[in-house]
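Residue-level structural notes
One letter stands for each residue in the lines below.
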Amino acid sequence: MTSLATPSPLDDPRTLVSTEWLAAHLKDPDLRVLDGSWFMPDSGRNARAEYDEGHIPGARFFDIDEISDQRSNLPHMAPPTEKFMSRMRAMGVGDGHQVVVYDRSGLFSAARVWWTFRLMGKMDVAVLDGGYPKWLAEGREVEDLPPVIKDRHMTVSRQNQMVKDVTQVAHAAKLLQAEIIDARAAPRFKGEVAEPRPGLRSGHIPGSKNLPFGQLLRPDGTMKSPAELRQIFAQADVDLAKPAITTCGSGVTAAIVSLALERVGHRNHALYDGSWSEWGMYEDLAVAKG
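What counts, and where the lines are drawn
Residues numbered from 1 in each chain as written. Predicted model: local features only at pLDDT ≥ 70, side-chain atom pairs only at ≥ 80, totals over all residues. Heavy atoms only, no water. Helix = DSSP H or I, 4+ residues; strand = E, 2+ residues; numbered from the N terminus. Rg over C-alpha atoms; globule rule 2.2 N^0.38 Å. Buried < 20%, exposed > 50% of the residue type's maximum accessible area, 1.4 Å probe, protein only. Contact = heavy atoms within 4.5 Å. Lys, Arg positive; Asp, Glu negative; His and termini not counted. Charge placed at Lys NZ, Arg CZ, Asp CG, Glu CD. Axes fitted to C-alpha atoms, helices over the stretch in contact; angles between N-to-C directions. Parallel < 35°, antiparallel > 145°, perpendicular 65-115°, else oblique. Left-handed = near helix turned anticlockwise from the far one by under 90°. Nonpolar A, V, L, I, M, F, W, Y, C, P; charged D, E, K, R; others polar. Pairing = 2+ DSSP bridges. 1 Å grid on protein atoms, 1.4 Å probe; cavity = no way out; pocket = protein on both sides within 12 Å on 5 of 7 lines; lining within 4 Å. Points joined across faces, edges and corners; volume = space filled by probe spheres on them. Phe/Tyr/Trp six-rings, centres within 6.5 Å; stacked < 30°, edge-to-face > 60°. Lys NZ or Arg CZ within 6 Å of the ring centre and 35° of its normal.

Each helix and strand in the chain was counted, giving 10 helices and 10 strands. A compact globule built from 290 residues should have a C-alpha radius of gyration of about 19 Å, and the chain, at 18 Å, falls within 12% of that. By its C-alpha atoms, the chain is 50 × 45 × 35 Å across when sized along the principal axes. Here the chain holds 290 residues, and the buried ones make up 56% of them. Contacts in the chain between residues at least 24 apart in sequence constitute 76% of all its contacts with a sequence separation of at least 6. Across the chain, the mean location of the 34 positive side-chain charges is 3 Å away from that of the 38 negative side-chain charges.

Written out as structure tokens, the structure reads:
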């Protein structure tokens, strides 16, 4: 068992770090901590208000809905590079920084922020394993002060291969070119229940595989080990030798699957940004059930 003082050997500043690792590095001058909490619209929770009440020392709030492409009618699509750069600069996040993202659900929306940084070509970014609940449960320090912002230039090199649009996903599904992995709960994937967003059809992309994101996590919100993750991918009939496209309801929990793929050494993966919010809207796109 890992003691509170010892970072885990599984810590990787490009994918996932433990609360022990973050506590050991919290005072590093080039560390930037982001609160990437986001809640489903019907949750009754306000991520920004909760951040203001208390957060990990020095953390900045990353607003997933605002730092997005607001020209799109789809929820929180990936931001244009210029917007990402300007928002990060305003938050004092830039080149040479090691970024750690956490959320208030354990491991939920932080993976979406991690993926956004990777999309922008920023590799030194990790998700906090177990997130804010684990940090609090261990009695670690929190504060309600705004961070001290120092301007830092940020260079961005957008990695277009990491994101797919509806045309690319439809093409991949038709030609069986990639494993399309759907992170939604099984009843939604099977089309047995109505979608939480009104106006969407129920079901899934034909040929996609269902891997509900919760299966990748332990009860405390930490991600299972790489060996366990490989087994879970195998049980979901996912061929890790093929390119992968992750999808979900609106592109948030798909990033948890993307993070798990990265943890098992699978580098050839992309995220379908529109996800079911887009696919379920278009009547001319095929929908599978069951």
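There's plenty left to go through after this.
Attention now goes to the side chain of D273. Residue position: D273 is located in the loop between β10 (269–272) and α10 (275–279). If near-sequence neighbours (up to four positions away) are discounted, D273 is found in contact with H76, M77, A78, R112, W115, V163, K164, S250 and G251.

A few words now on the packing of helix α4 (residues 110–119) against helix α9 (residues 254–263). Put simply, α4 and α9 touch, their axes get as near as 8 Å, and they point 65 degrees apart. When the axis of α4 is compared with that of α9, the two are roughly perpendicular. α9 is crossed by α4, and the crossing has left-handed handedness. Together, A111, R112, W114, W115 and R118 of α4 and A255, I256, S258, L259 and E262 of α9 make up the contact between the two elements. Broken down by class, the residue content of the contact of α4 with α9 amounts to 6 nonpolar, 1 polar and 3 charged.

So, about the sheet that holds strand β9 (residues 244–247). On the basis of which strands lie adjacent, the open sheet formed by 5 strands has the order β6-β10-β9-β7-β8 and parallel pairing. Of all strands in the sheet, those bounded by a partner on one side alone are β6 (163–164) and β8 (209–210). Pairing analysis gives 2 bridges linking β6 to β10, with the strands arranged parallel. Bridging across to β10, K164 finds its partner in Y272.

So, on to empty space enclosed by the protein. Take a probe with the size of a water molecule and roll it over the atoms, and the empty space left behind shows itself. One pass over the full model with this rule turns up 1 cavity of 30 Å³ or more. Roughly 40 Å³ of volume is contained in the largest cavity. Taken together, F62, I64, I67, H76, M77, A78, P79, R112 and T116 make up the lining of the largest cavity. Here the residues of the lining of the largest cavity sort into 6 nonpolar, 2 polar and 1 charged.

Bringing the pairing of strand β2 (residues 31–35) into the picture now. Counted residue by residue, β2 has 5 buried out of 5 residues, so it is predominantly covered. Across the two faces of β2 the burial is the same, with L31, V33 and D35 and R32 and L34 all buried. Judged from the 5 bridges that link them, β2 and strand β4 (residues 98–102) form a sheet pairing that is parallel. Across the sheet, residue R32 finds its bridge partner in β4, namely V99. Bridging between β2 and strand β3 (residues 60–61) involves 2 bridges; their strand directions are parallel. Bridge assignment links L34 to a residue of β3, and that residue is R60.

Further remarks concern the packing of aromatic side chains. Tallied over the entire structure, the rule returns 7 aromatic pairs. Ring geometry for Y51 against F61: centres 5.7 Å apart, planes inclined by 40 degrees, an arrangement best described as tilted. With Y51 in helix α2 (residues 47–53) and F61 in strand β3, this pair connects stretches of sequence that are 10 residues apart. Overall, F61 belongs to the buried group, its relative accessible area being 10%. Ring geometry for F108 and F213: centres 5.8 Å apart, planes at 50 degrees, overall tilted. Of this pair, F108 sits in the loop between β4 and α4 while F213 is found in the loop between β8 and α8 (226–235), placing the two residues 105 residues apart along the sequence. The buried category is assigned to F108, whose relative accessible area is 13%. Members of the aromatic cluster, connected to one another through ring pairs, are W38, F108 and F213. The positively charged end of R104 is found above the aromatic ring belonging to Y132, 4.3 Å away from the centroid. In this structure, R140 is placed above the aromatic ring of W135, and the distance from its NZ or CZ to the ring centre is 5.5 Å.

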